[in-house]
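If you want the building blocks of each chain, they are given just below.
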Amino acid sequence: MRRRNLVAGALAVGASVVAAGPGAAASASLEDVLFRLPAAEPAQLQTLAARTAAAREAFTTARYSHLATVLPSLLAAAEATRDAAGGRARQQANGILARAYVLAAELASKTHSDAAWVAADRALAAARASGMPVPVGEAARVLAISMRRSGRCSSAVRLLTHEAAGLDPSEARTGAVRATLLLTGAYSAAVGGDRTTALALLDQADEDIKRRPHTPGGLFTVDATMNQAAVYRIGVHTTLGTPDEAVEIARGLNVDLMPTAERRARAWTDTARMWHTLGNGEQTFAALRHVEQEAAQEVRRPALRALTANLFYGPARVQGLREFAVRTGAVPA
């Protein structure tokens, strides 16, 4: 009973934004933020783009508490700027607005908030209004993630493959977006139990990544690289119930080559899940410690706290796990 209550409590944390750190404004529900944006004046496009880039950096460095504090004013300013603009400036403002909402959807997904649906839908609407294929692909990806998490896996796969089909795999930017859509589609198919589609999409993504021109700096939140594809392959095999097929992939993965703390933490998270599914408590804990080293706020997310709690209350006795579980909020002190 204690274990069941604890895991349920950890997952319930996802109903709100990650708590703000010391000195930050009181945290607010992301749902409230999306439906009650603060008043804002239009901004210069260059200023708005710079603010969005800074918010992206908060996400990629896994400073989710900070991101939660800057998103409301950023979204409000982006909405005001788009509404006041016309012509080409309006298209550009819509592109920036789409990416701000992509960040909101990513943050909501981190905390298991249903607000991810709202943010992702707004991201895709703004992206389509911008007429820019890259923001459209990025927004479609976060919307598909929300669809998958609500159990609509086949619909998510259809959306992702449809959007991917319209992108040129040989062009640097659109090819990179296409690859990330295929990777997300592969994982969505795996969650839905469709092994054939999942593996086919992984192979297609690998082919696209190998033949496309290199894009310095990558995309907005996820890079299209062979390392990234390997992480998705680990997650797909674990989800399909064949984690043994992912072990060699995990052992050959050079996490240090991944460009951001958030992506490195995600790589270690998928590795931890793989080892946990295989029943290897020591390796699971080692991977969780790597997650904390890369991004301390990641191990305090609901999903990671639940994984830590499951490991803690499982049959294995792992040295140092209790201190880690207490420190990350997975179990009471």
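Structure: see above.
Residues numbered from 1 in each chain as written. Predicted model: local features only at pLDDT ≥ 70, side-chain atom pairs only at ≥ 80, totals over all residues. Heavy atoms only, no water.

Draft legend 1. Representation of the overall build of the chain in the model. Counting its secondary structure elements, the chain contains 16 helices and 0 strands. Residue pairs in contact within the chain that sit at least 24 positions apart in sequence constitute 67% of those at least 6 positions apart. Accessible area for the chain stands at about 14,200 Å²; split by element, carbon and sulfur atoms hold 52% of it. (Helix = DSSP H or I, 4+ residues; strand = E, 2+ residues; numbered from the N terminus. Contact = heavy atoms within 4.5 Å. Areas by Shrake-Rupley, 256 points an atom, 1.4 Å probe, with all protein chains shown as cover.)

Draft legend 2. Main features of the nonpolar core. With 103 residues, the main nonpolar core has Leu-71 and Val-236 as its most contacted residues. Non-local contacts of Leu-71, meaning those with residues more than four positions away in its chain, are made with Ala-100, Leu-103, Ala-104 and Leu-107. (Core = buried A, V, L, I, M, F, W, Y, C linked by side-chain atoms within 4.5 Å. Buried < 20%, exposed > 50% of the residue type's maximum accessible area, 1.4 Å probe, protein only.)

Draft legend 3. Quick peek at the packing of helix α4 (residues 64-84) against helix α5 (residues 87-110). Two elements in contact, α4 and α5, have axes separated by 9 Å at closest approach and are oriented at 155 degrees. Judged by the inter-axis angle, α4 sits roughly antiparallel to α5. The two elements α4 and α5 meet at a crossing, and its hand is left-handed. Together, Tyr-64, Leu-67, Ala-68, Leu-71, Leu-74, Leu-75, Ala-78, Glu-79, Thr-81, Arg-82 and Asp-83 of α4 and Arg-90, Ala-93, Asn-94, Leu-97, Ala-100, Tyr-101, Leu-103, Ala-104, Leu-107 and Lys-110 of α5 make up the contact between the two elements. Residue composition of the contact of α4 with α5, by class: 14 nonpolar, 2 polar and 5 charged. (Axes fitted to C-alpha atoms, helices over the stretch in contact; angles between N-to-C directions. Parallel < 35°, antiparallel > 145°, perpendicular 65-115°, else oblique. Left-handed = near helix turned anticlockwise from the far one by under 90°. Nonpolar A, V, L, I, M, F, W, Y, C, P; charged D, E, K, R; others polar.)

Draft legend 4. Inspection of the side chain of Arg-178 at higher detail. For Arg-178, the position within the fold is in helix α9 (residues 172-191). If sequence neighbours within four positions are ignored, Arg-178 has contacts with Ala-164, Ala-165, Leu-167, Pro-169, Gln-204 and Asp-208.

Draft legend 5. Structural view of the environment of Ala-272. Among the structural elements, Ala-272 can be located in helix α13 (residues 261-277). A sequence separation of 13 residues divides Ala-272 from Phe-285, and the C-alpha atoms of the two residues are 7.1 Å apart.

Draft legend 6. Local environment of the environment of Gly-151. By the element assignment, Gly-151 lies in the loop between α7 (133-149) and α8 (153-165). Using a relative accessible area of 57% as the deciding quantity, one classes Gly-151 as exposed. As a C-alpha pair, Gly-151 and Ser-188 span 37 residues in sequence and 9.6 Å in three-dimensional space.

Draft legend 7. Quick peek at the packing of α5 against α7. Running from amino to carboxyl end, α5 crosses α7 at an angle of 25 degrees, the nearest separation of the two axes being 10 Å. With respect to α7, the element α5 is oriented roughly parallel. In this structure, α5 meets α7 at a crossing whose hand is left-handed. The segment α5 lies against α7, with Ala-98, Arg-99, Val-102, Ala-105, Glu-106, Ser-109 and Lys-110 engaging Val-134, Pro-135, Glu-138, Ala-139, Arg-141, Val-142, Ile-145 and Arg-149. Classifying every residue of the contact of α5 with α7 by side-chain character gives 8 nonpolar, 1 polar and 6 charged.

Draft legend 8. Up close: empty space enclosed by the protein. This model, assessed by the stated rule, comprises 1 cavity of 30 Å³ or more. Around the largest cavity, the lining residues are Val-102, Glu-106, Glu-138, Arg-141, Val-142, Val-177, Thr-180, Leu-219, Phe-220, Thr-221 and Val-222. Of all the secondary-structure elements, those providing two or more residues to the lining of the largest cavity are α5, α7 and α9. The element that contributes the greatest number of residues to the lining of the largest cavity is α7, accounting for 3 residues. Taken together, the residues of the lining of the largest cavity sort by class into 6 nonpolar, 2 polar and 3 charged. (1 Å grid on protein atoms, 1.4 Å probe; cavity = no way out; pocket = protein on both sides within 12 Å on 5 of 7 lines; lining within 4 Å. Points joined across faces, edges and corners; volume = space filled by probe spheres on them.)

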